[in-house]
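# Residue-level structure breakdown
Here are the chains, one letter per residue:
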Amino acid sequence: MPQRTHTCGELDMEHVGQTVVLSGWVHNVRNLGGLLFIRLRDRYGITQVTFDQSRDAGLFARAEALRGEFVVRVQGEVEARTPENINPDMKTGRIEVMVGEFQLLNEADLPPFEIMEEVRASEELRMKYRYLDLRRRRMTRNLELRHRTCMEIRRFLDDRHFVEIETPFLTRSTPEGARDYLVPSRIHPGKFYALPQSPQLFKQLLMVAGMDRYFQIVRCFRDEDLRADRQPEFTQVDIEMSFIEPADIFELLEPMMQQVFGLIGIEVAVPFPRLTYREAMDRYGIDRPDLRFGAEIRDISAHFRKSEFTLFRRIVAEDGTVRGIAVPDGVSYSRKVLDELQEVVKANGAAGLAWIKSEDGQVRSSLPKVVGDDQLAQILQQAGVAAGDALLIVAGDTPTVRAALGALRLHVAQRQGWTDPNRFAFCWVVDFPMFEWDVEEQRYFACHHPFTAPRDPDFTDPATALSHGYDLVLNGLEIAGGSIRIHQETLQKKIFKTLGITDDEAREKFGFFLDALRFGTPPHGGIAIGLDRLVMLLAGEKSLREVIPFPKTTSAMCLLTGSPAEVPAAQLAELKLRSQARDHE
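Everything numeric in this text was worked out from a predicted model, so none of it was measured.

With that out of the way, let us pick up the layout of surface pockets. Its volume calculated, the second largest pocket comes out at about 610 Å³. Lining the second largest pocket are 17 residues, with Tyr181, Leu182, Leu195, Pro564 and Ala565 positioned closest to its centre. Among the elements that make up the lining of the second largest pocket, the one with the highest residue count is strand E7 (residues 182-184) (3 residues). In the lining of the second largest pocket, the residues fall into 14 nonpolar, 1 polar and 2 charged.

Here it is in structure tokens:
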């Protein structure tokens, strides 16, 4: 029998009368006695193939042995279905193939779950038999979308003179950020490579080398705790450019996102809104705000500076704050709902939740009666609370109030149905703090990484210094982050010193990089796009695992291969290693 002539997703009325060969998997079987209908599936779709006992009884008898997920090749003539048998839900639903011959290519055991769009199986079972899970059209579509996204990005960057360059996977461990995955060296016993958390230093060295415009779609590795939107190995679109300012990055990424989202028929409006870190935290309580809805945080502290409500007055006097969010139709919130919201803010460190409701000219509040009606009306007016709305209030120190109201805002949005997955709201967040003080270690850490340039190179107070970092946020998720880099050795040493890295440590870890900065390094900067997260949003999925072919679980396990796994003692000995876990057994 000849090889396949068509896929299972392309036949239609123009093929009627043609003899075709299809190959694929038996999706399901329906035996009506003298007629046997099989839906044949491949990556491209499903086609109904039909066996007629009256035409060939021997062929029909052989076909009756076919079962789900058997692999077959069929040859037959394309026929039009009768009007009453047309299936409008199938791309090939107007035709069928009347089989004249078929070949069984392979049998299949009964799968642990049915291969269907809405699978009835736990995620653990799906991960264990991922090769079966990937046969589902939904998963195939996701991987195809991932491929098209990569190709679109490559075309976009190639048109703008970027060069794709691979950087090493085996490098050295860095002192900042999440834990590295270490790789022992057999040739150099007792020494280790580290898998890269990003190609950061190599892409900067490429700018030193004069490559000017670099990109790479690259795998990166972080040994950290996982969640739905994080994996120990992930893919990012890494971009670096010389002789630029942040605006050049913005002007590159915005049309790129327009082009990428065109793949799913979404028009993206540019330019994207730009918020400073301070604005994002004050207005949304988070540095990756979801702009698909309003409910911005309002500062109402001024109303309590001289208030008879002692608690709030004291909080404001002690440099605390009183803030709230207006919730449309919040007047309908019952005591049960308000108690639920109270638990949300308490889980984020707040002492509790107060509220004011406005309905039919009447104002009701959980605040003490010393806060009179006139004051309540003034608060509602300033916060933009209309009739039928409610104002939800939290008081305390500024970081706690921001976090509590930020979490409350997202919780209310989910409850109210404001987070439409088919709507996409981008924004840039800029002017991040340069450093963050760690109370336990009594030292500063870089908020981004130690190669990010400060806005003011002559800064004197690390606590107030701002960075030249920027994040691209979409629907409350950071999908890209980058910065203008340090390109002068003296400034890089100053940053290392601020971070508590001694000259000897800097020379040991980064001597090669500090040397490079002395050989005419141009001003440069870049950004890294989280490809997995971007495709997750494009596909309308809620978990990265739905757009990665072979993902890990939330415990960093690969259920398919059973990794991580122990290795033989002889293999450890060859690497001059011993397992403490085995020693304690």
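Having put the structure on the table, let's press on.
Turning to the nonpolar core, a few remarks are in order. Counting 64 residues, the largest nonpolar core has Ile239, Leu253, Met256, Met257 and Phe261 as the members making the most contacts within it. Sequence-distant contacts of Leu253, defined by excluding residues within four places in its chain, comprise Ile239, Trp428, Leu472, Ile527 and Ile529. Membership of the second largest hydrophobic core comes to 22 residues, among which are Val26, Leu40, Val97 and Val99.

Right, let's talk about the packing of aromatic side chains for a bit. Here the structure, examined in full by the defined rule, presents 20 aromatic pairs. Taking 4.2 Å as the distance between ring centres and 35° as the angle between the ring planes, the aromatic pair formed by Phe250 and Trp428 counts as tilted. Of this pair, Phe250 sits in helix H6 (residues 246-261) while Trp428 is found in strand E17 (residues 426-430), placing the two residues 178 residues apart along the sequence. As far as burial versus exposure is concerned, Phe250 and Trp428 are alike and both buried. Pairing Phe496 with Phe510 gives two aromatic rings, centres 5.0 Å apart and planes at 15°, and the pair type is stacked.

A few words on the side chain of Gln231. Position of Gln231 among the secondary structure elements: in the loop between strand E9 (213-221) and strand E10 (233-242). Take Gln231: its relative accessible area is 4%, and that puts it in the buried class. Engagement of the side chain of Gln231 in a polar contact is seen with the backbone nitrogen of Lys552, the distance being 2.8 Å.

Moving on, we get to the sheet that holds E9. Read across the open sheet, the 8 strands follow the order E6-E9-E10-E22-E21-E20-E17-E11; overall the sheet is mixed. This sheet does not close on itself; its edge strands, each paired only once, are strand E6 (163-164) and strand E11 (274-276). The pairing of E6 with E9 spans 2 bridges and is parallel. Bridged to Val163 within E9 is Tyr214.

The rules behind the values
- Residues numbered from 1 in each chain as written.
- Predicted model: local features only at pLDDT ≥ 70, side-chain atom pairs only at ≥ 80, totals over all residues.
- Heavy atoms only, no water.
- 1 Å grid on protein atoms, 1.4 Å probe; cavity = no way out; pocket = protein on both sides within 12 Å on 5 of 7 lines; lining within 4 Å.
- Points joined across faces, edges and corners; volume = space filled by probe spheres on them.
- Helix = DSSP H or I, 4+ residues; strand = E, 2+ residues; numbered from the N terminus.
- Nonpolar A, V, L, I, M, F, W, Y, C, P; charged D, E, K, R; others polar.
- Core = buried A, V, L, I, M, F, W, Y, C linked by side-chain atoms within 4.5 Å.
- Buried < 20%, exposed > 50% of the residue type's maximum accessible area, 1.4 Å probe, protein only.
- Contact = heavy atoms within 4.5 Å.
- Phe/Tyr/Trp six-rings, centres within 6.5 Å; stacked < 30°, edge-to-face > 60°.
- Polar contact = N/O pair within 3.5 Å; in protein donor to acceptor, adjacent residues only side chain to side chain.
- Pairing = 2+ DSSP bridges.

The analysis is restricted to geometry; functional conclusions fall outside its scope.
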